[in-house]
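Architecture and fold: a report
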Amino acid sequence: MTSVSAEADTAALAMRASQPPVELVSGSNGGVERAFRAICLLAILLPLMLLVLLFGGALIEAIPRLSWDFLTSYPSRRAAAAGILPALVGSAGLMLLTAVMAIPVGLGAAIYLEEYAKPGKVTALIELNISNLAGVPSIIYGLLGLEVFVRVLNLGRSLIAGAATLALLLLPMVIMASREALRTVPRSLREACFALGADRWQTLRQVVLPMCMPGVLTGVILSLARAIGETAPLITIGALTYVAFLPDSIDSPFTALPIQIFNWVSRPQPEFHINAAAGIVVLLALMLMMNGAAIWLRTRLRRRIYW
Amino acid sequence: MRAENIHAWFGPTHALKGVTMSIVDRQVTAIIGPSGCGKSTFVRCLNRMHEVVPGARVEGKVLLDGQNIYGTRINPVRVRRHVGMVFQKPNPFPTMTIRENVLAGLRLNGQSSSDPEHVVETALKQAALWEEVKDTLGKSGSSLSGGQQQRLCIARALALEPDVLLMDEPCSALDPIATARIEELVHELSSKYTIVIVTHNMQQAARVADFTAFFYQGEIVEYGETDVIFTRPQNQRTEDYITGRFG
């Protein structure tokens, strides 16, 4: 018995010895790996370089015009004296009003879909349509706003009509971001809440919403950063291009930054193109600031949630 | 508390097939059985938590103090205030401090206690956590260890002064030392509360429970005093399970 097993062991050892050692030296696919890495790097560098080129180009052109006066002056027939104050105030007002309208409606819709809606054909249809709406070109929203807000609701070519149109444009994005945020709250916490004798509303208010607020706010700011550059829907509803006053109420006529830029670019005089470049720099800076604010807010609010 | 002919479904799956069982007041009742036998489902029927899951359905009666909690005029939200629950995984609210976690039940119910500090201290003492956290009540509940978090969840349930405390495998996510503390705690709490504990660990049932019920495939196979179940089981399947022949 022992001799047999000893023989078997020797045989096994002999087999092992005759096999080549385990392959540990680098194989042949190192080149593929490197090439793929290079392609991916290129894929990120390309858009980044384009952005730097665009921003840098605009900045170089804009430098002679960028000054405090440019930010605080009204438009003028003389390019050197023209400023963007009404456009800046108009854009700020638009963003504020848009946020005020888009956040409650968007969050409400998201809460309904995530927390209350029963899964079924109707819900699936609504969800499909929300994703579709996110892809509708903004000029279509402009036409819708023109008909519904400007004409039917008789709001005129006002700040509130512009903001309502932009809010409509942002709704699908706000809804999707809010749903994403609601979904990050684990089921176990909702159950803990129910088990303590809370109803759905209390669970939402005390546990779910405080936890998903960072996600919702980030989504809202990122969509607003997109909206601040929207031109087509505002032109459609009739934002003015030359405004020598500040909007003083929500039904006042207005202009916005992208519209002012569009106006200057389409002038024949090259001096106005410098103004347009300066406007672009201001607009891009605002967008970067909003995106930065979103990141800051997210990390700050997340710190209050301890996992 | 008494369950009468409880049937429960998850969509088309018939998870509980007519369970009738009286739970003795101020005693610990353990529910054991292999995975999927319906033991968790059963305790979730006792505080109307089963129906929270979409597609889940319950039939039958559960009598609490002579009232059927599935009666037509019963508000499930109010039932859950009297029948507290502790879950498998510790789940303190991450946005709240230790103190706020203990008071969460009161706050969610819109009750304001005249003496919240007293409520916090009493509940944490009952959960044997007070000595460890009394100086850090303002810290987050998630900063605690797993075992401490689970005791915080127990304190959170006790702050509502429930009649019955349901525990659904409360130690399955904990290490042996934390488990021993919880078991000790269950024993102490049984002087004041009726406790139903689900466990997949038979030694745990033998250690903490006065009564034990063995569930198999959605039915109750055997139910009686823990000593009898573990030493002289009447049913062959119970014996096979507790001796480790299946499960």
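Our subject is the structure that appears above.
Reference entry: report on the structure contained in this document. (Residues numbered from 1 in each chain as written. Chains lettered and ligands numbered in written order. Predicted model: local features only at pLDDT ≥ 70, side-chain atom pairs only at ≥ 80, totals over all residues. Heavy atoms only, no water.)

Right, let's get into the packing of aromatic side chains. Residue and element names in this part refer to chain B. Per the stated rule, a full pass over the model turns up five aromatic pairs over all chains. Between the aromatic rings of Phe 42 and Phe 215, the centroid separation amounts to 5.3 Å while the plane-to-plane angle is 50 degrees, which identifies the pairing as tilted. Of this pair, Phe 42 sits in helix 1 (residues 39-46) while Phe 215 sits in strand 9 (residues 211-216); the two residues are 173 residues apart in sequence, bridging distant segments of the chain. Here the aromatic cluster, defined as three or more aromatic residues joined through ring pairs, consists of Phe 214, Tyr 216 and Tyr 241. Across the ring face of Trp 9, the terminal group of Arg 57 is positioned such that the distance to the ring centre comes to 4.2 Å. Above the plane of the ring of Phe 93 lies Arg 156, whose end atom (NZ or CZ) is 4.5 Å from the centre. (Phe/Tyr/Trp six-rings, centres within 6.5 Å; stacked < 30°, edge-to-face > 60°. Helix = DSSP H or I, 4+ residues; strand = E, 2+ residues; numbered from the N terminus. Lys NZ or Arg CZ within 6 Å of the ring centre and 35° of its normal.)

To continue, consider the layout of surface pockets. Looking at the largest pocket, its volume works out to about 660 Å³. Looking at the largest pocket, it is lined by 26 residues, and the ones nearest its centre are Glu 114, Glu 115, Ala 117 and Arg 200 of chain A together with Pro 54 of chain B. Within the lining of the largest pocket, the residues separate by chemical class into 13 nonpolar, four polar and nine charged. The space that makes up the second largest pocket amounts to roughly 290 Å³. In terms of residue class, the lining of the second largest pocket is built from six nonpolar, two polar and six charged. (1 Å grid on protein atoms, 1.4 Å probe; cavity = no way out; pocket = protein on both sides within 12 Å on 5 of 7 lines; lining within 4 Å. Points joined across faces, edges and corners; volume = space filled by probe spheres on them. Nonpolar A, V, L, I, M, F, W, Y, C, P; charged D, E, K, R; others polar.)

Residues and elements named next belong to chain A. On the surface, Leu 41, Ile 44, Leu 45, Leu 46, Leu 48 and Met 49 cluster together to form a nonpolar patch covering roughly 590 Å² of accessible area. One can find Met 49 in helix 2 (residues 30-62). For Met 49, a relative accessible area of 52% puts it in the exposed group. (Patch = residues over 30% accessible without salt bridge, like charges linked within 9 Å, V, L, I, M, F, W, Y side chains within 5 Å. Areas by Shrake-Rupley, 256 points an atom, 1.4 Å probe, with all protein chains shown as cover. Salt bridge = Lys/Arg side-chain N within 4 Å of Asp/Glu carboxyl O. Buried < 20%, exposed > 50% of the residue type's maximum accessible area, 1.4 Å probe, protein only.)

Turning to the nonpolar core, a few remarks are in order. Among the nonpolar cores identified, the biggest contains 155 residues, and Leu 124 and Ile 154 of chain B are the most heavily contacted of them. In contact with Leu 124 of chain B, other than residues within four places in its own chain, are Val 102, Leu 129, Trp 130, Val 133, Leu 137, Leu 152 and Ala 155 of chain B. (Core = buried A, V, L, I, M, F, W, Y, C linked by side-chain atoms within 4.5 Å. Contact = heavy atoms within 4.5 Å.)

Here the focus is the sheet that holds strand 8 (residues 194-198) of chain B. Residues and elements named next belong to chain B. With mixed pairing, the six strands of this open sheet are ordered in space as 6-7-8-3-9-10. Edge strands, defined here as strands with exactly one partner in the open sheet, are strand 6 (83-86) and strand 10 (219-225). When the angles between neighbouring strand axes are averaged without regard to direction, this sheet yields 15 degrees. In this structure, strand 6 lies alongside strand 7 (residues 164-168), joined through four bridges in parallel fashion. In the sheet register, Val 83 faces strand 7, and the bridge partner there is Val 164. Running at roughly 170 degrees to strand 6, helix 6 (residues 146-158) makes contact with strand 6 and strand 7 of the sheet. The sheet strands contacting helix 7 (residues 176-189) are strand 3 (28-32), strand 7 and strand 8, and the helix crosses strand 8 at an angle near 150 degrees. (Pairing = 2+ DSSP bridges. Axes fitted to C-alpha atoms, helices over the stretch in contact; angles between N-to-C directions.)

Turning our attention to the interface of chain A and chain B. Each partner contributes to the interface: chain A provides 21 residues, whereas chain B provides 26 residues. Buried area between chain A and chain B, both sides added, is near 2000 Å², and the carbon and sulfur share of it is 65%. The interface formed by chain A and chain B includes one salt bridge. As a salt-bridge pair, Glu 191 of chain A and Arg 44 of chain B come within 2.7 Å of each other at their nearest N and O atoms. Between chain A and chain B we count four residue pairs in polar contact (both at pLDDT 80 or more) in total. Sorting the residues of the side of chain A that touches chain B by element identifies helix 8 (187-195) and helix 9 (200-227) of chain A as the ones contributing at least two each. (Buried area = accessible area lost by both parts, 1.4 Å probe. Polar contact = N/O pair within 3.5 Å; in protein donor to acceptor, adjacent residues only side chain to side chain.)

The description of two helices packed together rests on the angle between their axes and the distance between the axes. All names here are of chain A. Where helix 7 (residues 159-183) meets helix 9, the axes come as close as 8 Å, and the angle between the chain directions of the two elements is 145 degrees. Crossing handedness for the pair helix 7 and helix 9: right-handed. Packed against helix 7, whose contacting residues are Leu 166, Leu 170, Met 173, Val 174, Ala 177, Ser 178, Ala 181 and Leu 182, the element helix 9 presents Val 208, Cys 212, Gly 215, Val 216, Gly 219, Val 220, Ser 223, Leu 224, Arg 226 and Ala 227 at the interface. Counted by class, the contact of helix 7 with helix 9 contains 13 nonpolar, four polar and one charged residues. (Left-handed = near helix turned anticlockwise from the far one by under 90°.)

Here we come to the side chain of Gln 148 of chain B. All names here are of chain B. Mapped onto the elements, Gln 148 comes out in helix 6. On the basis of relative accessible area, Gln 148 is assigned to the buried category, the value being 17%. With residues up to four places along the chain from it excluded, the contact list for Gln 148 reads Leu 129 and Glu 132.

Turning to the side chain of Thr 179 of chain B, a few remarks are in order. Residue and element names in this part refer to chain B. Inspection of the secondary structure assignment puts Thr 179 in helix 7. With relative accessibility at 11%, the residue Thr 179 sits in the buried group. In contact with Thr 179, other than residues within four places in its own chain, are Cys 171, Leu 174 and Gln 204.

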